[in-house]
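Fold and geometry: a report
As a plain string of letters, each chain reads:
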Amino acid sequence: MDDAPTDGVAERNWLPAPEQVTFNITSRCNLRCQYCFGGMRARGTEASLGEAISVLDQLDSLGVEEVLLQGGEVFCVPYMRKLLERASSYRFHLHVISNGTLISERLAQALSGLKLSIGISLDGLTPEVNRHRGAEALEKAVGAIHRLVSQRMITYVNCTVTRSNVSALPQLVSFCDSAGVHGLVLQQLHCSGRATAHFFAENTIGQADTEALESMLLVLKETYPRLRFVESEICYFLGARTRYNRVCDPGLEYLPMKLLRCAAGRRYCAIEPNLDVIPCVVLGSFPCGNLRQESFRAVWGTSPGLEFMRELSESRVDRIPGCLECTYNPVCDGGCRADMLNYCDDWLAAHILCPFNAANSQRQGDP
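For clarity, every value in this text was computed on a predicted model and none was experimentally measured.

This brings us to the state of the cysteines. Under the definition given, this model contains zero disulfides. Of all cysteine sulfurs in the structure, the one in Cys 176 sits closest to Cys 159, which takes part in no disulfide; the separation is 8.5 Å. Free of any disulfide, Cys 191 has its nearest cysteine sulfur in Cys 344, 8.8 Å distant.

Written out as structure tokens, the structure reads:
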């Protein structure tokens, strides 16, 4: 933690309680997706029903606004129905993420009576795109989506965008619209879990695909106005030039943007199956405390690991050597620091997806 220089943490740059928490409740899963965040979460004993209830009780009492419950596969957990029934009494919004393969008609009916929304992971509608999930996973996931929508549940499709499925997104979006789901969550591939550094470098979309995706999304959003599109890092680097031209005067000098545009450790964190608290789901290798030893309030308020993240967020992007002279550093935070820590063990490495970094020009193509 001492290797990353910081400018010193600003006074209270984090909330007394996070707005959102992801609870990775299990490492168990009936599938083995190649890029799964939870693919290597086998450390320690997973939470019991009593411990899971205690965690959710603490989050609710602190005023957390949203809890994402995921795995592994949540419906591999024997007590999941009991936990979801109890969770309906909490004030926070509960969103459950599942691969959908275990959601029968009976389970869909049971879920429909609970206060939650659900996301089904689906990367496309062809066996080729879904080959990493197994032969039957596509049909089962699509069936689960139809069952949940028929029960009038708030249902999303979660899609991790890679080189293998980016061209198939229009077909997936058309399905989402016709099936009646509420929206589509497009997720950037991250270097975490089973997505090793080699897999990440080989499968994340480059500049040409990103440019095509950006244009594609403009058309899809106009074509399907009913659908809610949720994007996080998708197209982030490509948009730097547009953001700069919109908000910056080339004749003036601007301070570089601060690192960590994301909320990790300040407004958001995640909890592992063994009850480790981590800054985000991509940072499973960076535990900041454990809820078997301390309360969530204590970990959130006093953890040295979370303090490090808060101090890091006060550094500016020019601390990254490859970003020091970049024209666009006033409008770009350098990308996901967790990816680069996992990719090359360096919090301050230039991101491999940045098309404006000379070291990436061969892979990405000239910007």
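Now that the structure has been shown, we can carry on.
The predicted coordinates should not be examined in detail at positions where pLDDT is low. Chain-level pLDDT for the protein chain is 90 on average; 93% of the residues reach the 70-or-more range. Within the model, the stretch residues 4–8 combines pLDDT values under 50 with 17 contacts to residues more than four positions away or in other chains. Scored below 50 in pLDDT, residues 362–367 shows 21 contacts in the model against residues more than four places distant or in partner chains.

What follows is about the pairing of strand β3 (residues 93–98). The buried count for β3 comes to five of six residues, which makes it a mostly enclosed element. Bridge analysis of strand β2 (residues 66–70) against β3 gives four bridges, and the strand direction is parallel. The residue bridging Leu 68 from the neighbouring strand is His 95, located in β3. With respect to chirality, the unit in which β2 leads through helix α2 (residues 80–87) into the neighbouring parallel β3 is right-handed. With four bridges connecting them, β3 and strand β4 (residues 117–121) associate as parallel partners. Paired with Val 96 across the two strands is Ile 118, which belongs to β4. Tracing the backbone out of β3, into helix α3 (residues 105–112) and back to the parallel element β4 gives a crossover that is right-handed.

Looking now at the packing of helix α5 (residues 169–179) against helix α7 (residues 207–223). Packing of α5 against α7 brings their axes to within 11 Å, and their N-to-C directions diverge by 25°. Relative to α7, the element α5 is oriented roughly parallel. Considering how the two elements wind past one another, α5 and α7 form a crossing that is right-handed. For the pair α5 and α7, contact is made by Leu 169, Pro 170 and Val 173 and by Leu 213, Met 216 and Leu 220, respectively. Tallied by class, residues from the contact of α5 with α7 come to six nonpolar, no polar and no charged.

Before going further, it helps to examine the environment of Arg 266. Locating Arg 266 in the fold gives a position in the loop between α8 (240–247) and β8 (268–271). Under the relative-accessibility criterion, Arg 266 is labelled buried at 11%. Put simply, Arg 266 and Asn 13 are 253 residues apart on the chain and 6.8 Å apart in space, counted from C-alpha to C-alpha. Not counting residues up to four positions away in its chain, the partners in contact with Arg 266 are Asn 13, Trp 14, Leu 15, Leu 260, Arg 261, Trp 300, Arg 310 and Ser 313. A distance of 2.9 Å separates a polar atom in the side chain of Arg 266 from the backbone oxygen of Leu 260.

A word on the side chain of Asn 329. Its place among the elements puts Asn 329 in the loop between α10 (304–312) and α11 (337–344). Here Cys 326 takes part through its backbone oxygen, which lies 3.3 Å from a polar atom of the side chain of Asn 329. Contact partners of Asn 329, with chain neighbours within four places excluded, come to Pro 256, Met 257, Val 317, Cys 323 and Leu 324.

The next thing to look at is the nonpolar core. Core analysis: the biggest nonpolar cluster contains 99 residues, and Phe 23, Ile 25, Phe 75, Leu 84, Leu 213 and Ile 271 have the highest contact counts within it. Dropping the residues within four chain positions of it, Leu 84 is found in contact with Leu 69, Phe 75, Leu 94, Val 96, Leu 111, Leu 114 and Leu 116. Judged by nonpolar contacts, the second largest core, of 15 residues, contains Leu 189, Cys 191, Phe 200 and Met 340.

Next up on the list: the packing of aromatic side chains. Aromatic rings considered in pairs are described by the distance between their centres and by the relative angle of their planes. Per the counting criterion, the structure on display carries ten aromatic pairs. Relative to Tyr 343, the ring of Phe 200 has its centre 6.1 Å away and its plane inclined at 65°; by these criteria the two rings are edge-to-face. Within this pair, whereas Phe 200 is found in helix α6 (residues 197–203), its partner Tyr 343 is found in helix α11, the two being separated by 143 residues in sequence. Of the residues examined, Phe 200 reaches a relative accessible area of 0% and is grouped as buried.

The next thing to look at is the side chain of Asp 123. Position of Asp 123 among the secondary structure elements: in the loop between β4 and α4 (137–150). What makes Asp 123 buried here is its relative accessible area of 3%. Looking at Asp 123, its side chain comes within polar contact range of the main-chain nitrogen of Thr 160, at 3.1 Å.

Right, let's get into the packing of helix α1 (residues 49–62) against α2. Across the interface, α1 lies against α2 with an axial gap of 11 Å and an inter-helix angle of 25°. The angle between the axes of α1 and α2 places the two elements in the roughly parallel class. As for the relative orientation of α1 and α2, their crossing is right-handed in sense. Contact residues: Leu 49, Ala 52, Ile 53, Leu 56 and Asp 57 in α1; Lys 82, Leu 83, Arg 86 and Ala 87 in α2. Partitioning the contact of α1 with α2 into residue classes produces six nonpolar, no polar and three charged.

What counts and what doesn't
- Residues numbered from 1 in each chain as written.
- Predicted model: local features only at pLDDT ≥ 70, side-chain atom pairs only at ≥ 80, totals over all residues.
- Heavy atoms only, no water.
- Disulfide = S-S within 2.5 Å.
- pLDDT = per-residue confidence, 0-100.
- Contact = heavy atoms within 4.5 Å.
- Buried < 20%, exposed > 50% of the residue type's maximum accessible area, 1.4 Å probe, protein only.
- Helix = DSSP H or I, 4+ residues; strand = E, 2+ residues; numbered from the N terminus.
- Pairing = 2+ DSSP bridges.
- Right-handed = clockwise from strand over helix to strand, strands pointing away.
- Axes fitted to C-alpha atoms, helices over the stretch in contact; angles between N-to-C directions.
- Parallel < 35°, antiparallel > 145°, perpendicular 65-115°, else oblique.
- Left-handed = near helix turned anticlockwise from the far one by under 90°.
- Nonpolar A, V, L, I, M, F, W, Y, C, P; charged D, E, K, R; others polar.
- Polar contact = N/O pair within 3.5 Å; in protein donor to acceptor, adjacent residues only side chain to side chain.
- Core = buried A, V, L, I, M, F, W, Y, C linked by side-chain atoms within 4.5 Å.
- Phe/Tyr/Trp six-rings, centres within 6.5 Å; stacked < 30°, edge-to-face > 60°.

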